[in-house]
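# Structural description and commentary
If you want the building blocks of each chain, they are given just below.
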Amino acid sequence: MTVSLPQLIETVQTNCYINDARHAQDMTMCTYLLEMRQYYRWEHSVPFSRRLPKEDLGDWLTEREALWITLEESDYQPIVTSSGTHDPFAAERINRDLLPEGLVYSAGIGRFGRPHFFLGRLHKREQRDGFNIYSADCEYARDLVAPPTALLQRDIFIRREIVQDFLWGKLEEWNWKRQDNALGRALQCYDFDQHPDTALEKMTDAETEAMILHELGEGHAGELLGESRWQEMLAGCTKHKPEIIARAVRDNLADCVMTLPNLIARGEASSIHFYFGNFSGMRAKLFPAAYNAYHASVEHGHWVELKNIAERGRDHWLMVAEKLLAVDRANPDADALLAAMGEDAVL
C-alpha cells in the first residue's frame, strides 16, 4: 500500500470522532451510556466475560467528550489510497484500492441522517443475487454507534465484531430473568453455559446469515420501490416519527420478501426464534400478525402459519410502501400524512 495502515486507521478514526462529536448528543442518556460502554470495550479489547473497570471507564468517557469538543466544527478528512485522495463517502472507489489489500471500508448515511464510517479486516467476500457481500472480522476504526450491517447501493457490509457485541448483549439481557420467550428459545439452541466462546461463534455465523438475508431483502425492496425515490423521501422527513414508520414498513417488506421465507425453508429454528426475540418497536407495532403467527407456529410445532403471514405480508407491505411514496410525491412536506398512513396500515 502507498499509505500505511496506521495512517489510514488514524484518518478513518478521526472522521469517526468528528461524526461522534456531531451526533452523540442526539441519543437519550441511557442509550448513550450503553453505547459508550461497548465503545470502551472495543477500544480497549476487553473480553465480553470481563467486567469493565468503572473508574477507568469514567476517566475515559470524560477524556473522549473533551476530545469531541475540539473536533465538533472540524471537516471530515479525505481518505488517501494508492490511487489518490478521495471524499470519505466515496466508499466504492476507496474499496477498489483496499479490498485487494485485505481491508474493507464503509461510509454511508443511517437513521436520522447520521453518517457511519468503519474500516476493518476483510474476512469474506462473495456475490449473491447481484449484490456484493463484504464481511469484516476485525474493526480497525469505528463510530460510537456501529450498525452490524449496512447496504450501500449493491454492496452489503457485515461487521462480525459488532454482531458478536449485539449477541452478547442479548445474552446478558436474557440472563437477568431467563424467561421462556423467543429470545430464550434462540439462546438455548447453543451451549452458552458450558462453552460460551464456541456458542457465540456458532450463533454469530447463524445470525450473520440472517442479517445478510435481511440486507438482500432490503436490496430487493429497493428494486421494487425505486431506491433513489425512497431515499429522497427519507431525506425529506423533517421529524423522526415518519422516518421510523417508513423504515419499519420497508424492514417488514424486506423480511417478508427474503428473511422469513428463507429461514423457514431452511428450518433455521434458532434464527427464527432470535428474529422474534428482537421483533419490537415500530416493526412489531405495525405487524402484530407476524408475532401471532410465530406463537401459533411454536405451539403447533411447524412454521405453516408464519410462512402464510410472510406471503401475505409481502403484498401488504409493498402496497403500504408504494402508498407512502405516492403521498410523499403529492406533498413532500406531508410528514403528518406519512405518519398517519403508516399507523393505519397495520397487519
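Refer to the structure above for everything that follows.
With respect to the element layout, H116 can be found in strand β4 (residues 115-128). On the basis of relative accessible area, H116 is assigned to the buried category, the value being 12%. A polar atom in the side chain of H116 sits 3.3 Å from the backbone oxygen of V145. If we skip the residues at most four places from it in the chain, H116 touches N19, S106, A107, G108, G110, D143, V145 and P147.

So, on to helix α3 (residues 54-71). Spanning 18 residues, α3 covers 26 Å between terminal C-alpha atoms, matching the ideal 26 Å at 1.5 Å per step. Those residues of α3 not exposed but buried are L57, W60, L61, R64, W68 and L71. For α3, the buried positions fall inside an angular range of 105° around the axis, keeping them on one side. Those residues of α3 that are exposed and aimed more than 90 degrees away from the buried face are E55, T62, E63, I69 and T70. Among the structural elements, α1 (5-23) and α2 (29-43) are those in contact with the buried residues of α3.

A word on the sheet that holds β4. Read from one edge to the other, the open sheet built from five strands follows the order β3-β4-β5-β7-β6, with strand pairing classed as mixed. Unpaired on one side and paired on the other, β3 (103-109) and β6 (149-152) mark the two borders of the sheet. If you compare each strand with its neighbour and ignore which way they point, the axes differ by 40° on average. Sheet topology places strand β5 (residues 131-142) next to strand β7 (residues 155-159); five bridges connect them, and they run parallel. The partner of N132 across the bridge, within β7, is D155.

Moving on to the pairing of β5. Counting buried positions along β5 gives 10 out of 12 residues, so the element sits mostly inside the fold. Count of turn residues in the β4/β5 antiparallel hairpin: two residues, of which D129 carries a positive phi of about 55°.

Another aspect to go through is the layout of surface pockets. What the second largest pocket holds in volume is close to 270 Å³. Around the second largest pocket, the lining is made up of 14 residues, and of these L171, N175, R178, F192 and D193 lie nearest the centre. Residue contributions to the lining of the second largest pocket peak at five residues, all from helix α5 (residues 160-175). Here the residues of the lining of the second largest pocket are counted per class, giving eight nonpolar, two polar and four charged.

So, about the packing of α1 against α3. Direction vectors running N to C along α1 and α3 enclose 90°, while the axes themselves pass 8 Å from each other. The angle between the axes of α1 and α3 places the two elements in the roughly perpendicular class. In this structure, α1 contributes Y17, I18, D20 and A21 to the contact, and α3 contributes R64, L67, W68 and L71.

With that out of the way, let us pick up unusual backbone geometry. A positive phi angle, close to 55°, is found at S45, a residue other than glycine. Locating S45 in the fold gives a position in the loop between α2 and α3. Accessibility expressed as a relative area gives 61% for S45, which makes it exposed. Positive phi values are uncommon outside glycine, yet D129 reaches one of about 55°. Mapped onto the elements, D129 comes out in the loop between β4 and β5.

Glancing now at helix α8 (residues 227-235). Two residues of an α-helix separated by three or four positions point the same way, owing to the 3.6 residues in each turn. Turning to α8, its buried residues number three or more, namely W230, M233 and L234. Seen along its axis, α8 keeps its buried residues to an arc of 100°; they face one direction. Exposed positions of α8 whose direction lies more than 90 degrees from the buried face are S228, E232 and A235.

Here the focus is the packing of aromatic side chains. Using the criterion set out here, one finds 20 aromatic pairs in the structure. With centroids separated by 6.4 Å and ring planes inclined at 65°, the aromatic side chains of Y32 and W68 adopt a geometry described as edge-to-face. Taken together, the residues Y32 in helix α2 and W68 in helix α3 connect sequence positions 36 residues apart. When its relative accessible area of 9% is taken as the criterion, Y32 is described as buried. Here W68 falls in the buried class, since its relative accessible area comes to 6%. Each ring, one from F166 and one from F274, has its centre 6.0 Å from the other, and the planes form 85°; the classification is edge-to-face. Of the two residues, F166 sits in helix α5 while F274 sits in helix α10 (residues 269-277), which places them 108 residues apart along the sequence. With a relative accessible area of 32%, F166 lands in the partly exposed category.

Parameters and conventions
- Residues numbered from 1 in each chain as written.
- Predicted model: local features only at pLDDT ≥ 70, side-chain atom pairs only at ≥ 80, totals over all residues.
- Heavy atoms only, no water.
- Helix = DSSP H or I, 4+ residues; strand = E, 2+ residues; numbered from the N terminus.
- Buried < 20%, exposed > 50% of the residue type's maximum accessible area, 1.4 Å probe, protein only.
- Polar contact = N/O pair within 3.5 Å; in protein donor to acceptor, adjacent residues only side chain to side chain.
- Contact = heavy atoms within 4.5 Å.
- Expected span 1.5 Å × (residues − 1).
- Arc of directions from axis to C-beta.
- Pairing = 2+ DSSP bridges.
- Axes fitted to C-alpha atoms, helices over the stretch in contact; angles between N-to-C directions.
- 1 Å grid on protein atoms, 1.4 Å probe; cavity = no way out; pocket = protein on both sides within 12 Å on 5 of 7 lines; lining within 4 Å.
- Points joined across faces, edges and corners; volume = space filled by probe spheres on them.
- Nonpolar A, V, L, I, M, F, W, Y, C, P; charged D, E, K, R; others polar.
- Parallel < 35°, antiparallel > 145°, perpendicular 65-115°, else oblique.
- Phe/Tyr/Trp six-rings, centres within 6.5 Å; stacked < 30°, edge-to-face > 60°.

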